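Summary of the model geometry
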Amino acid sequence: MNDNYENLLNNITEPMVCETCLKEYGALQNPDITLRDYVKVDVGFSLVGIQVWCQRHNKNVCHIDFEGNRPKADFRSLEKK
Ligand SMILES: [Zn+2]
């Protein structure tokens, strides 16, 4: 893993969102909460890769299969001073 700290910033360009949550959120009149706060997910390793799980609907959002590979991962974080 290189020392590219850019990787430790929020690089998300496309959020993974449960489609059911997205529909429900879209139907809310004047939501007093952001979609980001509405969506509640578990993210974790599974036997084959990484899974994103919707807590609200108890269903799979995305399950990435590493197909036996071990992709590079960076578990460091930048602390706010
Ligand atoms: Zn959901």
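None of these values were measured; they are calculated from a predicted model.

**Notes on the overall build of the chain**
- Per the secondary structure count, the chain includes 2 helices and 3 strands.
- Starting at the N terminus and ending at the C terminus, the chain contains elements arranged as α-α-β-β-β.
- Its C-alpha atoms give the chain a radius of gyration of 16 Å, more than 25% over the compact-globule value 12 Å for 81 residues.
- Excluding contacts between residues fewer than 6 apart, the proportion of contacts in the chain whose partners are at least 24 apart in sequence is 36%.
- Accessible area of the chain: about 7,200 Å², with a carbon and sulfur share of 51%.
- The distance from the centre of the 10 positive side-chain charges to the centre of the 12 negative ones in the chain is 3 Å.

**Comments concerning the layout of surface pockets**
- Approximately 990 Å³ is the volume attributed to the largest pocket.
- For the lining of the largest pocket, the per-class residue count stands at 15 nonpolar, 4 polar and 4 charged.

**What to know about the sheet that holds strand 1 (residues 41–45)**
- On the basis of which strands lie adjacent, the open sheet formed by 3 strands has the order 1-2-3 and antiparallel pairing. Of all strands in the sheet, those bounded by a partner on one side alone are strand 1 and strand 3 (59–65). Adjacent strand axes in the sheet meet at a mean angle of 15°, parallel and antiparallel pairs treated alike.
- Taken together, the 6 bridges between strand 2 (residues 49–54) and strand 3 define a ladder with antiparallel strand orientation. In the strand pairing of strand 3, Gly49 is matched with Asp65.

About the thresholds
- Residues numbered from 1 in each chain as written.
- Predicted model: local features only at pLDDT ≥ 70, side-chain atom pairs only at ≥ 80, totals over all residues.
- Heavy atoms only, no water.
- Helix = DSSP H or I, 4+ residues; strand = E, 2+ residues; numbered from the N terminus.
- Rg over C-alpha atoms; globule rule 2.2 N^0.38 Å.
- Contact = heavy atoms within 4.5 Å.
- Areas by Shrake-Rupley, 256 points an atom, 1.4 Å probe, with all protein chains shown as cover.
- Lys, Arg positive; Asp, Glu negative; His and termini not counted.
- Charge placed at Lys NZ, Arg CZ, Asp CG, Glu CD.
- 1 Å grid on protein atoms, 1.4 Å probe; cavity = no way out; pocket = protein on both sides within 12 Å on 5 of 7 lines; lining within 4 Å.
- Points joined across faces, edges and corners; volume = space filled by probe spheres on them.
- Nonpolar A, V, L, I, M, F, W, Y, C, P; charged D, E, K, R; others polar.
- Pairing = 2+ DSSP bridges.
- Axes fitted to C-alpha atoms, helices over the stretch in contact; angles between N-to-C directions.

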